[in-house]
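# Commentary on secondary and tertiary structure
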Amino acid sequence: MSLWHWIVLACGVAFATKWLGYAIPARFLQNPRMTHIAACMTVALLAALTVMNTFAQGDSLALDARLAALLVAAVALWRRAPFLLVVVLGAASAALLRWLGY
């Protein structure tokens, strides 16, 4: 199959998934357990995205300024800093380490 076949297939799967979401009865979606599962999945997906963007570089493991930025941001969150400050501190630490050559 060519690349376009895979793209059309992925579009079809995405459409079918969204359509099936509308077909689920509301009583299933209003269940407190389903709300809890959806909240946990959101956190898990965000954590996986963060880990992949921090440690992966192509097919290899990368330990560079991104790891330091994540650690600085984690400490700022732990110290209950405002979110904008957390982002600025993480970005500044990554920029400083990259400027220093790490």
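Moving on to the side chain of S93. Relative to the helices and strands, S93 is located in helix α5 (residues 83-99). S93 has contacts with A68, A69 and V72, leaving out every residue within four places of it along the chain.

Close contact between helix α4 (residues 65-78) and α5 brings their axes to 8 Å; oriented N to C, the two are set at 150°. Between α4 and α5, the crossing angle belongs to the class labelled roughly antiparallel. In this structure, α4 meets α5 at a crossing whose hand is right-handed. Of the residues in α5, those touching α4 at A65, R66, A68, A69, V72, A73, A76 and L77 are V86, L89, G90, S93, A94, L97 and R98. Split into classes, the residues belonging to the contact of α4 with α5 amount to 11 nonpolar, two polar and two charged.

Attention shifts here to the pattern of salt bridges. The tally for this structure, following the rule as stated, stands at one salt bridge. The salt bridge partner of D64 is R66, with a shortest N-O separation of 3.2 Å. D64 sits in the partly exposed class, given a relative accessible area of 26%.

With that settled, consider the layout of surface pockets. If you add up the space inside the largest pocket, you get close to 170 Å³. L49, T50, N53, T54, R66, A69 and L70 are the residues that line the largest pocket. Among the secondary structure elements, those contributing two or more residues to the lining of the largest pocket are α3 (32-55) and α4. Of the residues forming the lining of the largest pocket, the biggest block, four residues, is contributed by α3. Grouping the amino acids of the lining of the largest pocket by side-chain chemistry returns three nonpolar, three polar and one charged.

What counts as what
Residue positions are given per chain, counted from 1 along the sequence in the order it is written. The predicted origin of the model limits local features to residues at a pLDDT of at least 70 and limits the giving and counting of side-chain atom pairs to 80 or more, whereas totals for whole chains, interfaces and linings rest on all residues. Side-chain numbers come from the whole structure's heavy atoms, not from hydrogens or water. Per the convention used, a helix needs a DSSP run of H or I reaching at least four residues, while a strand needs a run of E reaching at least two, with both numbered from the N terminus. Any two residues whose heavy atoms approach within 4.5 Å are treated as being in contact. The axes used here are C-alpha line fits, helices contributing only the stretch in contact, and every angle between their N-to-C directions lies in the interval 0 to 180 degrees. In these notes the angle categories are as follows: under 35 degrees is roughly parallel, over 145 is roughly antiparallel, 65 to 115 is roughly perpendicular, and the rest is oblique. A clockwise turn of the near helix away from the far one marks a right-handed crossing, whereas an anticlockwise turn of less than a right angle marks a left-handed crossing. Gly counts as polar in this scheme, as do all residues outside two lists: the nonpolar Ala, Val, Leu, Ile, Met, Phe, Trp, Tyr, Cys and Pro, and the charged Asp, Glu, Lys and Arg. What counts as a salt bridge is simple: a side-chain nitrogen of Lys or Arg found within 4 Å of a carboxyl oxygen of Asp or Glu. For the exposure calls, accessible area comes from a 1.4 Å probe over protein chains only, and a residue counts as buried if that area is under 20% of its type's maximum, exposed if over 50%, partly exposed in between. Grid points spaced at 1 Å over the protein atoms alone were grouped into cavities, where a 1.4 Å probe fits but cannot get out, and pockets, open sets with protein on both sides within 12 Å along at least five of seven lines, with lining residues defined by an atom within 4 Å of a point. Grid points are joined across faces, edges and corners, and a volume is the space filled by probe spheres set on the points.

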